[in-house]
Amino acid sequence: MTRLRKLSTALGAVAATAYGGAILLSPPLSSNDHGSQLSAFQQKIHDPSAVLPSRQVQQSSLIGSSSVNPLDILVIGGGATGSGVALDAATRGLRVGLVEREDFSSGTSSRSTKLIHGGVRYLEKAVFKLDYGQLKLVFHALEERKQVIDNAPHLCNALPCMTPCFDWFEVVYYWMGLKMYDLVAGARLLHLSRYYSTKESVELFPTLATEGNGRSLRGTVVYYDGQMNDARLNVGLACTAALAGAAVLNHAEVVSLLKDSVGQRIIGARIRDNLTGKEFDTYAKVIVNAAGPYCDSVRKMADKNVRGVICPSSGVHIILPDYYSPEGMGLIVPKTKDGRVVFMLPWLGRTVAGTTDSNTAITFLPEPHEDEIQFILDAISDYLNVKVRRSDVLSAWSGIRPLATDPSAKNTESISRDHVVFEEHPGLVTITGGKWTTYRSMAEDAVDAAIKAGKLSSSGGCVTNNLRILGGEGWDPASFTVLTQQYVRMKLTHGGKVVPGVMDTASAKHLSHAYGTLAERVAAIAQNENLGKRLAHGYPFLEAEVAYCARHEYCESAIDFIARRSRLAFLDTDAARRALPRVIQLLAAEHKWDKSRQKEELQKAKDFLETFKSSKNAQFYDGKHN
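Residues numbered from 1 in each chain as written. Predicted model: local features only at pLDDT ≥ 70, side-chain atom pairs only at ≥ 80, totals over all residues. Heavy atoms only, no water.

Draft legend 1. Quick look at unusual backbone geometry. The omega torsion of the bond from Gly354 to Thr355 falls at 10°, within 30 degrees of zero and hence cis. With respect to the helices, strands and loops of the structure, Thr355 is situated in the loop between β16 (350-354) and β17 (358-359). Backbone geometry at Leu348 places phi at a positive 50°, although glycine is not the residue there. You can see Leu348 is positioned in the loop between β15 (342-347) and β16. Unusually for a residue other than glycine, Lys592 sits at a positive phi of about 60°. With respect to the helices, strands and loops of the structure, Lys592 is situated in the loop between α19 (573-591) and α20 (595-609). (Helix = DSSP H or I, 4+ residues; strand = E, 2+ residues; numbered from the N terminus.)

So, in structure tokens, the structure goes:
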């Protein structure tokens, strides 16, 4: 009962801090200071006639910089943080470029748990360790969670998450803890948490086990967190930055950094276009290194003797059929046998489960180990009344979390879940660590540091906390009805005959959520260009999306489409493999690929899908996994 007393004592303290104490959140935007600046960019980004600059135009902008006319900021890395930096800097009136070695969100940012965390676990640490720093993280996460959901309403939503309780102490403990969480959240609360009896819990979550391991379910406690389509949100950020004026270029790799004549300051980068092999120099007053797990590689281009700051951690997730979890309700196991947290959440019509947290080496295409997949299956099987089978795994992937140490710390034990920003070499600002939820404020900190490092002159302050991303302005959850009523899906059969198909609810909802207010443009392609056929049986992705993404979202390869523009590789590896020939055929028509390039794309995509360990490409020996 000591923990309970500690918890209840802390309630008053936290409430006092939240409403009358020392924690101060960032003040809201002053209409006098930023109103016109925000309004101008909102108008520019969400103008119905706005067209993204082509990839060629973006590359020309980067090549056009010079030592006498440099960009203000060049961002290295097109993940959530890098794309956020480009958007923030561009909306402050700075000249910005961004280069990404592969594709926007090709690394860690597309391999998350898909949750926009409000920091509920930090609250427990804050209470039991009486850690004020952890409490500040909770406030920060809650504030940023609200902004992410508000700024991309089509790609984000609130999700109830259920925690099963197998004794009455757990019921009271979790209920009190989550009520404290509600209190701390205040105006940033998504919905109130609540307790459900065993009977109510099973009605809400039919596959939940009520008996097992000598235990009986006493009920569940449900709280709300945010959920997102991470890669599409990242692509949306990059495209929004492009419309705001940033020159963003994917498949462009930094091969070296440029220094001034005395070698004291970084003044640009040598870049290779990985699609053509062409190299060029881009000059900038400040480089922002947002390369995630690879940020140490960039730092070593400036000084090969720098101490590494990245402590890579592997996070594995698996995808299971939809019947494992009901639509609109997640399950959280707060403590597995070895103390880790495991989630099981509905996502895009399937169930995502994870995650593991273990040390790993940094590799370009991390693969999940079979024992990690089995750990997740074992962990959730203790809480379900259905047989949990390895053969049900539709896809499994691994992501590398770039946990960071502060380079100024005296020892390496200061690994943080928070982010760090530093300039250890003149002209090179590095930002790393952190998490998806706080990408926006991480970007703000990085741009502030870059302005200081380069003595840059911006036209205003940060406005991204109220800036909706592309497709988000004016979007409504009922927007899909317009698609179902006004568009049809014209399909070309193998014999060359055009046949009409209805714009069914599943396809319309998918387009509305994936593209927001721009969904009608995709629907128009499906109708007018006979590209209304589905790419994979059982999934709502349409052929029209391939054409749209090639034209308007910098989709340059088959992997770009199956992994990031659509999420087919993550949802069902084998369905993605079956869709590949048609995806490549459509991209070839858009990008004028010859037969050799098409063959190369097919092989690269197949190799990529081999790293997603579905049941089909798991290795079985004598009935066991290897």
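Draft legend 2. Representation of the UniProt feature "domain: Alpha-glycerophosphate oxidase C-terminal" (unreviewed entry) in the chain. The feature "domain: Alpha-glycerophosphate oxidase C-terminal" (unreviewed entry), as given by UniProt, occupies residues 462-597 in the numbering adopted here. Span residues 462-597 is 53% helix and 7% strand, its end C-alpha atoms 43 Å apart. (UniProt positions renumbered as here; feature names shortened; annotations may be inferred.)

Draft legend 3. The state of the cysteines, seen in detail. Inspection of the entire model under this criterion finds 0 disulfides. The thiol sulfur of Cys462 is not disulfide-bonded, and the nearest other cysteine sulfur, from Cys156, lies at 17 Å. Judged by relative accessible area, Cys462 falls into the buried class, the value being 11%. Residue Cys549 stays outside any disulfide, its sulfur separated by 5.7 Å from that of Cys555, the closest cysteine. (Disulfide = S-S within 2.5 Å. Buried < 20%, exposed > 50% of the residue type's maximum accessible area, 1.4 Å probe, protein only.)

Draft legend 4. Representation of the layout of surface pockets in the model. The computed volume of the second largest pocket comes to approximately 1,200 Å³. What lines the second largest pocket is a set of 44 residues, among which Glu327, Trp347, Leu348, Gly349 and His513 lie closest to the centre. Those elements giving two or more residues to the lining of the second largest pocket turn out to be α6 (132-151), β4 (156-165), β8 (219-228), β15, β16 and α14 (505-515). Residues belonging to the lining of the second largest pocket are distributed by class as follows: 21 nonpolar, 12 polar and 11 charged. (1 Å grid on protein atoms, 1.4 Å probe; cavity = no way out; pocket = protein on both sides within 12 Å on 5 of 7 lines; lining within 4 Å. Points joined across faces, edges and corners; volume = space filled by probe spheres on them. Nonpolar A, V, L, I, M, F, W, Y, C, P; charged D, E, K, R; others polar.)

Draft legend 5. Spatial organisation of the pairing of β4. Across the 10 residues of β4, 8 count as buried, placing the element largely inside the fold. Where β4 lies against β8, 10 bridges are found, and the strand directions are antiparallel. Its bridge partner being in β8, Cys165 is matched across the sheet by Gly219. One ladder, built from 2 bridges, connects β4 with strand β14 (residues 330-333); its direction is parallel. The residue of β14 that forms the bridge with Met162 is Leu331. (Pairing = 2+ DSSP bridges.)

Draft legend 6. Spotlight on the packing of α19 against α20. One can describe the packing of α19 onto α20 by two numbers: an axis separation of 10 Å at closest approach and a directional angle of 160°. Taken together, the axes of α19 and α20 are roughly antiparallel relative to one another. Crossing hand, α19 versus α20: right-handed. Across the interface between the two elements, Thr573, Ala576, Arg577, Leu580, Ile584 and Ala588 of α19 pack against Gln598, Glu601, Leu602, Ala605, Lys606 and Leu609 of α20. A breakdown of the residues in the contact of α19 with α20 according to their chemical character gives 7 nonpolar, 2 polar and 3 charged. (Axes fitted to C-alpha atoms, helices over the stretch in contact; angles between N-to-C directions. Parallel < 35°, antiparallel > 145°, perpendicular 65-115°, else oblique. Left-handed = near helix turned anticlockwise from the far one by under 90°. Contact = heavy atoms within 4.5 Å.)

Draft legend 7. Structural context of the environment of Ser297. Inspection of the secondary structure assignment puts Ser297 in helix α10 (residues 295-302). Residues Ser297 and Val235, spaced 62 residues apart in sequence, show a C-alpha to C-alpha distance of 24 Å.

Draft legend 8. Representation of the packing of aromatic side chains within the structure. Taken as a whole and assessed by the stated rule, the structure comprises 12 aromatic pairs. With 5.3 Å between their ring centres and 70° between their planes, Tyr173 and Tyr174 make a pair best called edge-to-face. Residue Tyr173 shares its accessibility class with Tyr174, and that shared class is buried. Ring centres 5.0 Å apart and planes at 55° place the aromatic pair Phe608 and Phe612 in the tilted group. You can call Phe612 buried: its relative accessible area is 0%. Within the aromatic cluster, the residues linked to one another by ring pairs are Trp397, Phe570, Phe608 and Phe612. It is Arg101 that lies over the ring of Tyr294; its NZ or CZ is 4.6 Å from the centre. When the ring centre of Phe480 is taken as origin, the NZ or CZ atom of Lys509, which lies over that ring, is 5.2 Å away. (Phe/Tyr/Trp six-rings, centres within 6.5 Å; stacked < 30°, edge-to-face > 60°. Lys NZ or Arg CZ within 6 Å of the ring centre and 35° of its normal.)

Draft legend 9. Highlighting the side chain of Lys114. With respect to the secondary-structure elements, Lys114 resides in the loop between β2 (96-99) and β3 (115-116). Take Lys114: its relative accessible area is 0%, and that puts it in the buried class. Side-chain polar atoms of Lys114 contact the backbone oxygen of Ser110, separated by 2.9 Å. Among the polar contacts listed, one links the side chain of Lys114 to the side chain of Asp230, at a separation of 2.8 Å. (Polar contact = N/O pair within 3.5 Å; in protein donor to acceptor, adjacent residues only side chain to side chain.)

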